[in-house]
Amino acid sequence: MYRQTIEDLIKQFNTNIKIGLSNDQVEIIRKNHGYNELEEAKPTPLWKKFIKNFKDFMIFILIAAAIISFVLGEKTDAFIIIAIVLINAIISTYQEMKAEESISALKSLTAPKCVVLRDGEKMEIDAKFLVPGDVVFIEAGNFVPADGRLIESSNLKMEESTLTGESLPVEKNTMQLDSENLQIGDQTNMVFTGTVVTYGSGKFIVTSTGMNTQLGKIATLINEEKESLTPLQIKLDEIGKIIGVIVLLISAIIFIVGIVQGRDTFDMFFIAVSLAVAAIPEGLPAIVTIVLALGVRRLSQKNAVIRKLPAVETLGSSSVICSDKTGTLTQNKMTVMDFFTMSNADKKTLIISSILCNDATITSENEIGDPTETALIRYGLDNKYTQNNINDIYPRIDGLPFDSDRKMMTTVHTDKTSFVSFTKGAVDEIITRCNYVLIDGIKVKFDKEKKTLVLQKNRFFAEKALRVLGFASKDYEQQPTEITSETIEDDMTFIGLLAMMDPPREEAKISIKKCQAAGIKPVMITGDHKITATVIARDLGILKNDDEVITGKELSEISDDDLINNVQNYSVYARVSPEHKVKIVKAWQSNNHVVAMTGDGVNDAPALRMADIGIAMGKVGTDVSRSAASMVLMDDNFSTIVVAIEEGRGIYSNIRKSIRYLLSCNFGEIFLLLLAMLMNLKVPLLPIHILWINLVTDSFPALALGVEPKDKNILDKSPRKKDEGIFSNGLIYKIVFEGLLVGLIALGIFIYGSNIDITIARTMTFLTLAFSQLVHSINVRSDDSIIFVKGLFSNKYSLYAILTSVLLQIFIVSVPFTQKLFKVTHLSFNQWIIVLLSSLIPLFVIELIKIIKSLNSK
């Protein structure tokens, strides 16, 4: 549309810019195009969300175990198992109910009312009734109700950050554009749904409505992009399948052995259920959820709000951070970085002129006005010149507003004895209208040599991606009566230049170095121009070579496969569109990377949803981006992401410790039951014993492992690979060995106790298994360091957990009611000593192995 002439556009839409569409035309067009509103994806019914939670393989086994327990008369066990399954399903469904509201948030960006020309009359209508071809009027403060091509423009400026990510207002005009494939930010004769008029007024022909607008295309992308499973969800699913296979395999072996041994079929079912219960870590889902929730709480105290629990762990596995520039890597605050005058003595005049020739205001609460102008007032404050004082000395009496044709603005002032005008604008335009230049407070001739010097300085600033404004003045003997560009913006005296930019955050530079040291690649994605993006990225340390920069236009010209093959060669993406952001995320994911994506605008929502973890801005972010994200930065600071990654790595490490602990305990129970079966012994533990140990005794230490202090050098390691299993680095061997050790100890105690009485044997085995597992939780606190080096008291919650579980275990075997319920009995003093000493064996054996490994590695 931006390449067509206005005449061609009028013909295409069969409209009339003087009288608009007729009501009859509107009805016909609406039948073809529908209403000007966004469509929502069909929501998933609540019952489907609930049922979805029962499709997990491990859940199937638990349900089967519950049914068999019920049939065998073990109703307590059956009810406990079913309760666990239902509670997990309810929690999961509740989490999902709180999920995406992106389309609803998008609707809040559309204008409810607009002024339109129909049948020759201006009227206010609901924006939903607009159709292509309508002629719409806009002015400062209006939301744009539909996409359209400008046919009239008066000093029009638009704030398009919701679509482009860039906060500076864009000047609009009606001029036809010739270039192909222009990005939204470069389409200066177009207006877009959801953007805001910040200055001036205009009139446009509606070219797209509803889902065909740029905002509608983003809504379509949000609906199309499905959230992928997080690395943790994939790994937990992996655990479920492995455990499921183990359960079926062992149950089959046991059943066959039992038949060969001539055991009763009923007893075999009973033993199979015991094994199923022993193999499945029933408390694992709840423990993982609680550990993640504790991580969420810690991060919220560090300005990172997590919307989706698994996102905490995903942060830790992030290998690429695709970050927006404005506000995240930069301060989102235009700042004067440098100045130029012919002499330092003229700096005061330059600052005063920038304060006076200014429509913005700054109060203690906020900044009102164009970001460029507020930067000028702030620069004055930094140099001890306040806006109120300067305005009191030189009150404004007249002026000419900014005009995109003149590219300058002028204000006229008086100090009660004389009159002066100050002009600011594009450097080239200012210079051509100046015949004099200020040097040491004296007007001298602005000759070619001096103009060349100014232009060289302007070019120097531009090469540093600084936005440059020129300033000039003109003195009058009496108050000027004819305020026109020809009379007051000519024969002026050049004062100087002010160069500004949205500077990088200093803390972001430090955080980027941390990322690179941690093996994480930071990538800048921005809607800004290539030269600005290049300078900022180089300053931050993101960019090493210029060939690492690619523009949105260049990105559109390469295939998805080419980008996938070359994406690791690019560090900066400039002038990109929402579709490009999704394309970039997919390319990194295709290279097996875990991608974190930051964003604040509507344009970022599809990519935030597509990324492994979407990170929205809390201060300047839109509702849409926050709804689509997994995490929200309350301080909009890149450094907070690095803090969150560090926390995420610690959380994953602790979850891995919890899994190691729980599964080694479960393997101990499996080995105990399996070996007892193979040795033709009675069942050493009842299902209720195993359920109690798995759900209560083991749960407290497992939770305590979840808050184990993270290693100080956790960010010095490279991120784990996306396909790296949770049992990598020999974890499965540790689990099997530690489980076998605990199982053999418990089996020895059972054989000893069987010579006395089966109830005493089961009681001693019950206690030994529980206590040895509690002691084993101390081993698991560190993979390599012995506990006395790490510090036994460095995690007080671990000690509290062990003490609590020991007391509960003693309570079970001491109180008559629980003795009857658990079918256990009192033990003698000697039997207690045997239980306690046997329970300490795992601590000495595993810590000794750590010492030997440490000595061998030196």
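The coordinates are above.
To keep things clear, this report deals only with the structure shown in the data block. (Residues numbered from 1 in each chain as written. Predicted model: local features only at pLDDT ≥ 70, side-chain atom pairs only at ≥ 80, totals over all residues. Heavy atoms only, no water.)

1. Focus: the overall build of the protein
Keep this limit in mind: Per the convention used, a helix needs a DSSP run of H or I reaching at least four residues, while a strand needs a run of E reaching at least two, with both numbered from the N terminus. When a residue's accessible area, from a 1.4 Å probe over protein chains only, is under 20% of the maximum for its type it is buried; when over 50% it is exposed; and in between it is partly exposed. Any two residues whose heavy atoms approach within 4.5 Å are treated as being in contact. Charge assignment in this entry is limited to Lys and Arg as positive and Asp and Glu as negative, and neither His nor the chain termini are counted. Just so you know, the charge point we use is NZ for Lys, CZ for Arg, CG for Asp and CD for Glu.
When helices and strands are tallied, the protein shows 36 helices and 25 strands. Its C-alpha atoms put the protein at 120 × 70 × 50 Å along the principal axes. When the 858 residues of the protein are sorted by exposure, 54% land in the buried category. Taking the intrachain contacts of the protein between residues at least 6 apart in sequence as the baseline, contacts between residues at least 24 apart amount to 73%. Measuring between centres, the 90 positive side-chain charges of the protein sit 6 Å from its 98 negative side-chain charges.

2. Quick look at a nonpolar patch on the surface
The condition that has to hold: A patch consists of residues exposed above 30% relative accessible area that lack any salt bridge, with like charges linked at up to 9 Å and nonpolar side chains (Val, Leu, Ile, Met, Phe, Trp, Tyr) linked at up to 5 Å. Accessible surface area values rest on a Shrake-Rupley calculation with a 1.4 Å probe, where residue burial reflects the displayed protein chains alone. For this document, the term salt bridge refers to a Lys or Arg side-chain nitrogen within 4 Å of an Asp or Glu carboxyl oxygen.
Nonpolar side chains collect at one region of the surface, where F829, I833, L837, L840 and F844 lie side by side and expose about 530 Å² of accessible area between them. Here the element with the most residues in the nonpolar patch is helix α35 (residues 829-839); it accounts for three residues. Assignment of secondary structure puts L840 in the loop between α35 and α36 (841-857). Under the relative-accessibility criterion, L840 is labelled partly exposed at 34%.

3. Concerning a negative patch on the surface
A surface patch of like charges, here negative, comprises E482, E486, D490 and D491. Of note, D490 is situated in the loop between α19 (485-488) and β19 (492-501).

4. Points about the sheet that holds strand β22 (residues 572-574)
Using the following cut-off: In this analysis, strands are considered paired if DSSP registers two or more bridges between them. Axis geometry follows a simple rule: fit a line to the C-alpha atoms, using only the stretch in contact for helices, then measure angles between N-to-C directions, giving values from 0 to 180 degrees.
The sheet built from eight strands is open, its strands ordered β8-β25-β24-β23-β9-β20-β22-β21 with mixed pairing. The open sheet is flanked by β8 (304-306) and β21 (549-551), the only strands paired with a single partner. Pairwise comparison of adjacent strand axes, ignoring direction, gives a mean angle of 20 degrees for this sheet. As paired strands, strand β9 (residues 320-324) and strand β20 (residues 521-525) are joined by five bridges and run parallel to one another.

5. Comments concerning helix α21 (residues 530-540)
Three- or four-residue spacings in an α-helix give side chains the same orientation, since the helix completes a turn every 3.6 residues. Within the span of α21, buried status applies to T532, A533, T534, I536, A537 and L540. At its buried positions, α21 is contacted by α13 (325-329), β19, α20 (506-517), β20, β21 and β22. Once α21 finishes, G541 follows within two positions and takes phi at roughly 95 degrees, a positive value.

6. Section: the packing of aromatic side chains
Selection criterion: A pair of Phe, Tyr and Trp rings is counted when the ring centres sit within 6.5 Å of each other, with Trp represented by its six-membered ring. The angle between the planes then sorts it: under 30 degrees is stacked, over 60 is edge-to-face, the rest tilted. Geometrically, a lysine NZ or arginine CZ counts as sitting over a ring once it is within 6 Å of the ring centre and also within 35 degrees of the ring normal.
Tallied over the entire structure, the rule returns nine aromatic pairs. On the basis of an interplanar angle of 65 degrees and a centroid distance of 5.8 Å, the ring pair of Y35 and F129 is categorised as edge-to-face. Residue Y35 is located in the loop between α2 (23-33) and α3 (46-52), and its partner F129 is located in the loop between β2 (121-126) and β3 (135-139); the two are separated by 94 residues in the primary sequence. A relative accessible area of 29% means that F129 is categorised as partly exposed. Centroid distance W692 to F822: 5.4 Å. Interplanar angle 80 degrees. Geometry classified as edge-to-face. With a gap of 130 residues between them, W692 in helix α28 (residues 687-697) and F822 in helix α34 (residues 816-822) connect regions that are remote in the sequence. A relative accessible area of 6% places F822 in the buried class. An aromatic cluster of at least three residues, connected via ring pairs, comprises W692, F766 and F822. Stacked on the ring of Y436, the Lys or Arg K443 has its end atom at 4.8 Å from the ring centre.

7. Observations regarding α2
The cut-off we apply is this: When we speak of the arc, we mean the arc of directions from the helix axis to the C-beta atoms.
Taken residue by residue, α2 has V26, I29 and R30 as its buried positions. Across the axial projection of α2, the buried residues extend over an arc of 105 degrees, all falling on one side. Opposite the buried face of α2, by more than 90 degrees, sit the exposed residues D24, I28, K31 and N32. G34 sits one or two positions beyond α2 and adopts a positive phi of about 75 degrees.

8. Observations regarding the pairing of strand β14 (residues 408-414)
Among the seven residues of β14, seven are classified as buried, and the element is accordingly described as predominantly covered. Neither face of β14 is open: one carries M408, T410, V412 and T414, the other M409, T411 and H413, and all of them are buried. Here strand β13 (residues 396-403) pairs with β14 via five bridges, running antiparallel. Opposite L400, over in β14, you have T410 as the bridge partner.

9. A short note on the side chain of S798
By the secondary structure assignment, S798 is in helix α33 (residues 796-814). Setting aside chain neighbours within four positions, we find S798 in contact with A704 and R781.

10. So, the packing of helix α27 (residues 638-678) against α28
Put simply, the rule reads: Put simply, angles under 35 degrees are roughly parallel, angles over 145 are roughly antiparallel, angles from 65 to 115 are roughly perpendicular, and the rest are oblique. Take the far helix as the reference: if the near one is turned anticlockwise from it by less than a right angle, the crossing is left-handed, and if turned clockwise, right-handed. Three classes are used, and their members are as follows: Ala, Val, Leu, Ile, Met, Phe, Trp, Tyr, Cys and Pro are nonpolar, Asp, Glu, Lys and Arg are charged, and the others, Gly among them, are polar.
Contact geometry for α27 and α28: axes closest at 11 Å, N-to-C directions at 165 degrees. If you check the angle between α27 and α28, you find them roughly antiparallel. Once α27 is placed against α28, the crossing between them reads as right-handed. Residues N666, E669 and L673 of α27 form the contact with α28, whose participating residues are I690, I693 and N694. Looking at side-chain class alone, the contact of α27 with α28 contains three nonpolar, two polar and one charged residues.

11. Topic: the pairing of strand β17 (residues 442-445)
In the sheet, strand β16 (residues 434-439) pairs with β17 via four bridges, with the strands oriented antiparallel. Residue pairing in the sheet places L438 in a bridge with K443 of β17.

12. Looking at the packing of helix α31 (residues 758-780) against α35
Interaxial distance between α31 and α35 falls to 8 Å at its minimum, and their mutual angle equals 35 degrees. The two elements α31 and α35 meet at a crossing, and its hand is right-handed. Contacts between α31 and α35 involve I760, M764, L767, T768, F771, S772 and V775 from the former and Q831, W832, I834, V835, L836, S838 and S839 from the latter. Across the contact of α31 with α35, the residue classes tally to nine nonpolar, five polar and no charged.

13. A look at the nonpolar core
Put simply, the test is: Take the buried residues of types Ala, Val, Leu, Ile, Met, Phe, Trp, Tyr and Cys, join any two whose side-chain atoms come within 4.5 Å, and each joined set is a nonpolar core.
Within the largest apolar cluster, 122 residues are counted, with the highest numbers of intra-cluster contacts made by L315, M524, F638 and F766. Those residues within four positions of M524 in sequence are excluded, and the remaining contacts are S323, K325, L329, A533, I536, A537, L540, I542, S571, V572 and Y573. Formed by 27 residues, the second largest nonpolar core is a distinct cluster that contains V523, Y570, V582 and A587.

14. Some details on the pattern of salt bridges
Scanning the entire structure with this criterion turns up 27 salt bridges. For D370, the salt bridge identified is with K157, shortest N-O distance 3.8 Å. Pair noted here: D370 is in the loop between β12 (367-368) and α15 (371-382) and K157 is in strand β4 (residues 147-159), with a separation of 213 residues, a long-range link. For the pair D370 and K157, one class covers both residues: buried. As a salt-bridge pair, R396 and D359 come within 3.1 Å of each other at their nearest N and O atoms. Here D359 lies in the loop between α14 (347-356) and β11 (361-362) and R396 lies in strand β13, a separation of 37 residues in the sequence. What emerges from the salt-bridge pattern is a single network uniting R298, K302, E647 and K710.

15. Topic: unusual backbone geometry
The phi dihedral of D440 is positive, around 55 degrees, even though this residue is not glycine. With respect to the helices and strands, the residue D440 is situated in the loop between β16 and β17. Despite not being glycine, N592 has its phi angle at roughly 65 degrees, a positive value. Relative to the assigned elements, N592 resides in the loop between α24 (578-590) and β23 (595-599).

16. Describing the environment of F817
Along the chain, F817 falls in helix α34. Relative accessible area serves as the criterion here: at 63%, F817 is assigned to the exposed category. Between the C-alpha atoms of F817 and A293, which are 524 residues apart in sequence, the distance is 35 Å.

17. A closer look at the environment of I287
Here I287 is to be found in helix α11 (residues 284-300). Taking the relative accessible area as the measure of exposure, I287 reaches 3% and is therefore buried. Taking the C-alpha atoms as reference, I287 lies 9.8 Å from L695; in sequence the two are 408 residues apart. The residues touching I287, leaving out its near neighbours within four places in the chain, are S658, L662, S699, A702 and L703.

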